[in-house]
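Single-letter residue listing:
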Amino acid sequence: VAGYHGSGTYAGSNGMIIDSCVITNNIAASGGGVADVPKVVNSRIENNRCTLTTTSGCGGGGVLLQTTKVENKYLDLQVTNCVIASNSAADGGGGVNFYNSSVSNLLIDACVITNNMVSSGYHNRGGAGISIWSNPVVAGGVFTVRNSLVADNGFTDNQLNSQGSGILANAGNAGGKIRIENCTVTGNRNSGSYKSAINCIGTVELVNVAAIDNFDKDGTAIHGVTSLAAGAGKTDDGTWAANISNS
């Protein structure tokens, strides 16, 4: 199925829930499989494609999540116990792309996000597996990724803006906070010229994160979060092993 937003499923401004579904082989300009559905649980999102055709595209090969407001209340967004695999995007978030334009909370929990690809970083958002991008001016909220595997995602070409082959975590500077907890980030690859397996911007906290066997231009498992003196974030009990540089 081909369309503009969410060829598999598009909710728009309502409280739709996807539960126990298989969404596969769809194509859209934004949100190839699922777009703007506030809750996706117990589902498999696979082999969907986002093809950016205009500057208004918002990425998300498998799932596109954006701020959703119902009856003047912003909904919390949730992706839980899902497999998001082998999707592709011509912009940020080959697997999952979250763009927060106001104040919403996000939870990605108990997911396998694997073998997703991004062919460019048109809006500087990157994130081949997961892209979390909070508007730097107006958006706040708490964005959490926990108990998940982010593996074997990457970029198909040498794009300058290929930030975060596994996860791009941009909390903005208007009060947003990202927490990545109890996750394994492994086998992600970036042959371009920018950043690492986990690229952090703003207030980002990593707790019990294993970043192992990633291949990135910078040759570092993470970027940004290690600059403790600059207040970029902190890591606790992190494991960084066998990450390889091609520089």
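Higher on the page you've got the structure.
From a predicted model like this one, the values you see are computed outputs, not experimental measurements. (Residues numbered from 1 in each chain as written. Predicted model: local features only at pLDDT ≥ 70, side-chain atom pairs only at ≥ 80, totals over all residues. Heavy atoms only, no water.)

Draft legend 1. Quick look at the pattern of salt bridges. For the coordinates displayed, the defined rule picks out five salt bridges. Across the pair glutamate 46 and arginine 44 runs a salt bridge whose closest N-O atoms are separated by 2.7 Å. For arginine 44, a relative accessible area of 35% gives the class partly exposed. One salt bridge connects glutamate 181 with arginine 179, and the closest N-O pair in it is separated by 3.0 Å. (Salt bridge = Lys/Arg side-chain N within 4 Å of Asp/Glu carboxyl O. Buried < 20%, exposed > 50% of the residue type's maximum accessible area, 1.4 Å probe, protein only.)

Draft legend 2. Structural context of the pairing of strand β17 (residues 106–109). The alternating pattern of β17 places Leu106 and Ile108 on one face and Leu107 and Asp109 on the opposite face, and all of these are buried. Direction of pairing for strand β13 (residues 77–80) relative to β17: parallel, over a ladder of four bridges. Across the sheet, threonine 80 pairs through a bridge with aspartate 109, a residue of β17. Here β17 runs beside strand β21 (residues 142–146); their pairing, made up of four bridges, is parallel. Paired with leucine 107 across the bridge in β21 is threonine 144. (Helix = DSSP H or I, 4+ residues; strand = E, 2+ residues; numbered from the N terminus. Pairing = 2+ DSSP bridges.)

Draft legend 3. View of the state of the cysteines. For the structure on display, the rule yields zero disulfides. As a non-bridged cysteine, cysteine 21 has cysteine 82 as the owner of its nearest cysteine sulfur, 9.4 Å distant. Cysteine 21 sits in the partly exposed class, given a relative accessible area of 31%. Left unpaired, cysteine 111 is separated from the closest cysteine sulfur, that of cysteine 82, by 4.9 Å. (Disulfide = S-S within 2.5 Å.)

Draft legend 4. The arrangement of the side chain of serine 43 in detail. Tracing the sequence through the fold places serine 43 in the loop between β7 (39–41) and β8 (44–46). Among the polar contacts made by the side chain of serine 43, one reaches the main-chain amide nitrogen of serine 20 at a distance of 3.3 Å. A polar atom in the side chain of serine 43 sits 3.0 Å from the backbone nitrogen of cysteine 21. With near-sequence residues (within four places) excluded, serine 43 lies in contact with Ile18, Asp19, Ser20, Cys21, Asn81, Cys82 and Val83. (Polar contact = N/O pair within 3.5 Å; in protein donor to acceptor, adjacent residues only side chain to side chain. Contact = heavy atoms within 4.5 Å.)

Draft legend 5. Representation of the nonpolar core. With 39 residues, the main nonpolar core has Ile108 and Ile180 as its most contacted residues. Leaving out residues up to four positions away in the same chain, isoleucine 180 has contacts with Val145, Ile167, Ala169, Ile198, Glu205, Leu206, Val207 and Val209. By size, the runner-up hydrophobic cluster in this structure holds five residues, among which are Cys50, Ala89, Val118 and Ala128. (Core = buried A, V, L, I, M, F, W, Y, C linked by side-chain atoms within 4.5 Å.)

Draft legend 6. Fine view of the environment of valine 79. Positionally, valine 79 belongs in strand β13. Sequence spacing of valine 79 and leucine 65 is 14 residues, and the spatial spacing of their C-alpha atoms is 9.5 Å. Sequence-distant contacts of valine 79, defined by excluding residues within four places in its chain, comprise Val40, Leu65, Ile84, Leu107, Ile108, Asp109 and Cys111.

Draft legend 7. Here's a closer look at unusual backbone geometry. Positive phi, close to 60°, is recorded for aspartate 36, a residue that is not glycine. Turning to its location among the elements, aspartate 36 is positioned in the loop between β6 (34–35) and β7. On the accessibility criterion, aspartate 36 (10% relative accessible area) is buried. The residue asparagine 182 is not glycine, and still its phi comes out positive at about 55°. Relative to the helices and strands, asparagine 182 is located in strand β25 (residues 177–186). Given a relative accessible area of 34%, asparagine 182 falls into the partly exposed group.

Draft legend 8. Spotlight on the side chain of serine 165. Within the fold, serine 165 resides in the loop between β23 (154–155) and β24 (167–170). The residues touching serine 165, leaving out its near neighbours within four places in the chain, are Ala128, Gly129, Asn153, Gly154, Phe155, Asn188, Arg189, Asn190, Ser196, Ala197 and Asp216.

Draft legend 9. Summary view of the pairing of β24. Of the two faces of β24, the one lined by Ile167 and Ala169 and the one lined by Leu168 and Asn170 are each fully buried. As paired elements, strand β20 (residues 130–134) and β24 share four bridges and run parallel to each other. Residue pairing for β24: isoleucine 130 is matched across the bridge by isoleucine 167. Pairing geometry for β24 and strand β27 (residues 198–201), over four bridges, is parallel. Directly across from alanine 169, in β27, lies its bridge partner cysteine 200.

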